[in-house]
Amino acid sequence: MILSDFGAEVIRIERPVEVEPVSQQGVEHPIWNFNKTRQVADKALNRNKKSMILNFRLEKARQVFYELAKTADVIVEGFRPGVTKRLGIDYETIKGGNPKVIYCSMSGYGQDGPYANLPGHDINYISVGGVLDMIGESGKPPVIPLNFIADWSGAALNTVIGILLAITARDKTGRGQYVDISYTDGVISLSTLFAYNCLNNKVSYSRGNTPLSGTPGYNAYETKDKKYISIGCFEPWFWENLCLLAGREDFIPYQQTEGEKEQEIYTYFKQFFLTKTRDEWFDIIKEKNIPVGNVYTLDEVFSDPQVLHRQMLVELDGPNGKERAAGVGIKLTDTPGEIRTPAPSPGEHTREILLSIGCSEDELKELGSY
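Keep in mind that this is a model prediction, so the values were computed, not measured.

Definitions and limits used
Residues numbered from 1 in each chain as written. Predicted model: local features only at pLDDT ≥ 70, side-chain atom pairs only at ≥ 80, totals over all residues. Heavy atoms only, no water. Axes fitted to C-alpha atoms, helices over the stretch in contact; angles between N-to-C directions. Helix = DSSP H or I, 4+ residues; strand = E, 2+ residues; numbered from the N terminus. Parallel < 35°, antiparallel > 145°, perpendicular 65-115°, else oblique. Left-handed = near helix turned anticlockwise from the far one by under 90°. Contact = heavy atoms within 4.5 Å. Nonpolar A, V, L, I, M, F, W, Y, C, P; charged D, E, K, R; others polar. Phe/Tyr/Trp six-rings, centres within 6.5 Å; stacked < 30°, edge-to-face > 60°. Buried < 20%, exposed > 50% of the residue type's maximum accessible area, 1.4 Å probe, protein only. Lys NZ or Arg CZ within 6 Å of the ring centre and 35° of its normal. Pairing = 2+ DSSP bridges. Salt bridge = Lys/Arg side-chain N within 4 Å of Asp/Glu carboxyl O. Core = buried A, V, L, I, M, F, W, Y, C linked by side-chain atoms within 4.5 Å.

**Student:** Which residues make up the packing of helix H10 (residues 236-245) against helix H11 (residues 259-273), and what values do they have?
**Tutor:** The interhelical angle for the contact between H10 and H11, taken along N-to-C directions, is 60°, at an axis separation of 12 Å. Regarding the angle of H10 to H11, the classification is oblique. For the pair H10 and H11, the crossing hand works out as left-handed. Along its contact with H10, which presents Trp239, Leu242 and Leu245, the element H11 presents Ile265, Phe269, Phe272 and Phe273. The class makeup of the residues in the contact of H10 with H11 is seven nonpolar, no polar and no charged.

Here you go:
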């Protein structure tokens, strides 16, 4: 999605529904509807892409893929290790016809090692990576941070970075290469700061026991209207400004305190922030050189003036009328990103793509009715 937002022609290859394993077709559930969730994810994440259907069990379909791969800059796949080899579409096979191809595999634990074929999701990767154990309150179970850490940050963003690094290297060497992205490796790399302190200074981290897991100056406080406001006074000068705002200059020397004094300060701030509404506090605090942010519900985000100014809410023409979506996060001056088209329906561009590589009508029939 990120690459397509900036002009890459992305073709999403999907398998026919009839060959999709029953275990992956999903079942109806009053709370968790697997199929509906997948449909929403497809609509949200497949903007600017083309979609075609290929059944790799057919030799003709594999030949079509080889033809497309001859001119591809990048191929990305997310199967378990070994699957592309069995299908005959692995890197070693593809680079024979395109030595400049960059072939990226995304998997939970990487292409080798004792966990290589272990199934998993974000919660598992952040568990193995040591991150889940650090998130939450002391003495309470871990707090699951949606799937932002392993899926989006550790894997998706590292995939984009890995691809761009490989493209840059190819500009110098003339050769493509294989990019092996592990969700778990990505999680561990995100914890570099804490890992260094743990490995070299024997510092132990646990829930409620990290510099950023909640202190009186780095926390979210309930306000008069039952909403929350976040305060991020990590640096001493910001902490001093917060104490002065609260009329408690005597708290300034105790930013790093623990025990009873910390509880005293925390209790005071909890009562202090209950005296005004969230938005009232924001208007006051933003003028005091104090890091502050409204804790929004997701629907509130897209009414915020900063968010609107940065064009992080966009509107596009969907198949059933106007659709709204989160905008492009990376801002470039000369080649800005753009959401040009909504997500395609599965196989929408199959015929177009097959005809573009010279397939005849008979060959289209052989591949299936598209």
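**Student:** I'd like to hear about the packing of aromatic side chains, residue by residue, with values.
**Tutor:** Counting across every chain of the model gives 23 aromatic pairs. Both rings, one in Tyr109 and one in Tyr115, keep their centres 5.5 Å apart while their planes meet at 75°; by these two values the pair is edge-to-face. Assessed through its relative accessible area of 12%, Tyr109 is described here as buried. Both rings, one in Trp237 and one in Phe238, keep their centres 6.0 Å apart while their planes meet at 55°; by these two values the pair is tilted. Residue classification places Trp237 among the exposed positions, given a relative accessible area of 52%. According to the relative accessible area criterion, Phe238 is buried, its value standing at 16%. Above the plane of the ring of Tyr254 lies Lys261, whose end atom (NZ or CZ) is 4.7 Å from the centre.

**Student:** Tell me what's going on with the sheet that holds strand E5 (residues 178-182), and back it up with residues and numbers.
**Tutor:** With parallel pairing, three strands are arranged side by side in an open sheet as E3-E4-E5. Both edges of this open sheet fall to strand E3 (74-77) and E5, since each of them pairs with a single strand only. Strand-to-strand twist of the sheet, defined as the mean angle between neighbouring strand axes without regard to direction, takes the value 15°. Direction of pairing for E3 relative to strand E4 (residues 102-107): parallel, over a ladder of four bridges. Within E4, the position partnered with Glu77 by the bridge is Ser105. Packing against the sheet, helix H7 (residues 148-173) makes contact with E3, E4 and E5, and its axis sits at approximately 165° to E4. Helix H8 (residues 183-190) contacts E4 and E5 of the sheet and is inclined by roughly 70° relative to E5.

**Student:** Kindly report on the pattern of salt bridges, identifying the contributing residues and their values.
**Tutor:** Counted by the stated rule, this structure contains 22 salt bridges. Among the salt bridges present, the one from Arg278 reaches Asp279, with a minimum N-O distance of 3.1 Å. Asp279 gets classed as partly exposed once you look at its relative accessible area, which sits at 36%. Sharing partners across several salt bridges, the network here consists of Lys227, Arg278, Asp279 and Glu300.

**Student:** Could you give an account of the nonpolar core, with specific residues and numbers?
**Tutor:** Met52, Leu54, Val64, Phe65, Ile75, Ile94 and Leu354 are the most contacted members of the largest nonpolar core, which totals 20 residues. Sorting the residues of this core by element identifies helix H3 (59-69), helix H5 (91-97), helix H15 (350-356) and helix H16 (361-367) as the ones contributing at least two each. Element by element, the count of residues in this core is highest for H3, at five residues. Discounting chain neighbours no more than four positions away, the residues touching Phe65 are Ile13, Leu54, Phe56, Ile75, Ile89 and Ile94.

**Student:** Tell me about the sheet that holds strand E8 (residues 292-295), and please be specific about residues and values.
**Tutor:** Strand order in the open sheet formed by three strands is E6-E7-E8, and the pairing between neighbours is antiparallel. A single partner strand is all that each edge strand has here, and the edge strands are strand E6 (218-222) and E8. Taken pair by pair, the neighbouring strands of this sheet meet at an average axis angle of 25°, ignoring direction. The sheet contact formed by E6 and strand E7 (residues 228-232) spans five bridges and is antiparallel. Residue pairing for E7: Tyr221 is matched across the bridge by Ile229.

**Student:** I'd like a description of the packing of H7 against H8, backed by residues and values.
**Tutor:** Axis angle and axis distance: for two packed helices, these are the angle between their axes and the distance between the axes, and together they describe the pair. Relative to each other, H7 and H8 sit at 95°, their axes nearing to 8 Å. Judged on the interaxial angle alone, H8 and H7 are roughly perpendicular. In this structure, H7 contributes Ile149, Ala150, Asp151, Ser153, Gly154, Ala155 and Asn158 to the contact, and H8 contributes Tyr183, Gly186, Val187, Ser189 and Leu190. Of the residues in the contact of H7 with H8, the class split is six nonpolar, five polar and one charged.

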